[in-house]
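In case you want the letters, here they are:
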Amino acid sequence: SMEECEALCTRMAIMVNGRFRCLGSVQHLKNRYWGGDSGKLLRDRAVASSCSRVSSPHRFGDGYTVVVRVGGPGPAAVQDLLQQHFPGIVLQERHGGLLRYHLPTRAASLATVFSLLATHREPCHIEDYSVSQTTLDQVM
């Protein structure tokens, strides 16, 4: 699986039609070759261009996945808070009190995101949260 590759490999290669097209570390491949609004690989365009850069408003390596689990009265306060502080944030998924966002790196630093969520943990009834870069499993 891609999760195993990410955990065990220091370098990866991508083969297209029997020819190696891309070689590098997992982070290098993430930053250089993949794009898409939700971090999904644009397979047809990537194969057609033999792993050249894919033009997209959100490059794969450009952003974080922010997941927030909210209890109490509901997620409305957290949604308003994040929209107010990070205008570029996009709500991708909502299931009850679980929210998943895409946040472009240009919108905020990791320190700002963690500081905001920690500061508003009790007033917004935030049970837990995480901020991460999209994994290869989510791409492939």
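Not measured: the values here are computed from a predicted model.

Peer 1: In this structure, what is going on with the sheet that holds strand 4 (residues 90–95)? I would like to understand it.
Peer 2: In any sheet, the strands associate via hydrogen bonds between backbone groups, in a parallel or an antiparallel arrangement. Strand order in this open sheet of 4 strands is 4-5-3-6, and the pairing throughout is antiparallel. The strands lining the two open edges of the sheet, one partner per strand, are strand 4 and strand 6 (126–132). Direction aside, neighbouring strands of the sheet carry axes that sit 15° apart on average. The pairing of strand 3 (residues 64–70) with strand 5 (residues 98–103) spans 6 bridges and is classified as antiparallel. Across the sheet, T65 pairs through a bridge with H102, a residue of strand 5. Seen against the sheet, helix 4 (residues 76–85) touches strand 3, strand 4, strand 5 and strand 6 and runs at an angle of roughly 10° to strand 5. Contacting strand 3, strand 5 and strand 6, helix 5 (residues 110–119) runs over the sheet at an angle of about 175° to strand 6.

Peer 1: Sorry if this is basic, but what is going on with the pattern of salt bridges here?
Peer 2: Under the counting rule described, the total for this entry stands at 3 salt bridges. Note that R69 is salt-bridged to D128, the shortest N-O span being 2.3 Å. Linking R69 in strand 3 with D128 in strand 6, this pair joins segments that are 59 residues apart in sequence. With a shortest N-O distance of 2.9 Å, R100 and E93 are connected by a salt bridge. Sharing partners across several salt bridges, the network here consists of R69, E127 and D128.

Calculation criteria
- Residues numbered from 1 in each chain as written.
- Predicted model: local features only at pLDDT ≥ 70, side-chain atom pairs only at ≥ 80, totals over all residues.
- Heavy atoms only, no water.
- Pairing = 2+ DSSP bridges.
- Helix = DSSP H or I, 4+ residues; strand = E, 2+ residues; numbered from the N terminus.
- Axes fitted to C-alpha atoms, helices over the stretch in contact; angles between N-to-C directions.
- Contact = heavy atoms within 4.5 Å.
- Salt bridge = Lys/Arg side-chain N within 4 Å of Asp/Glu carboxyl O.

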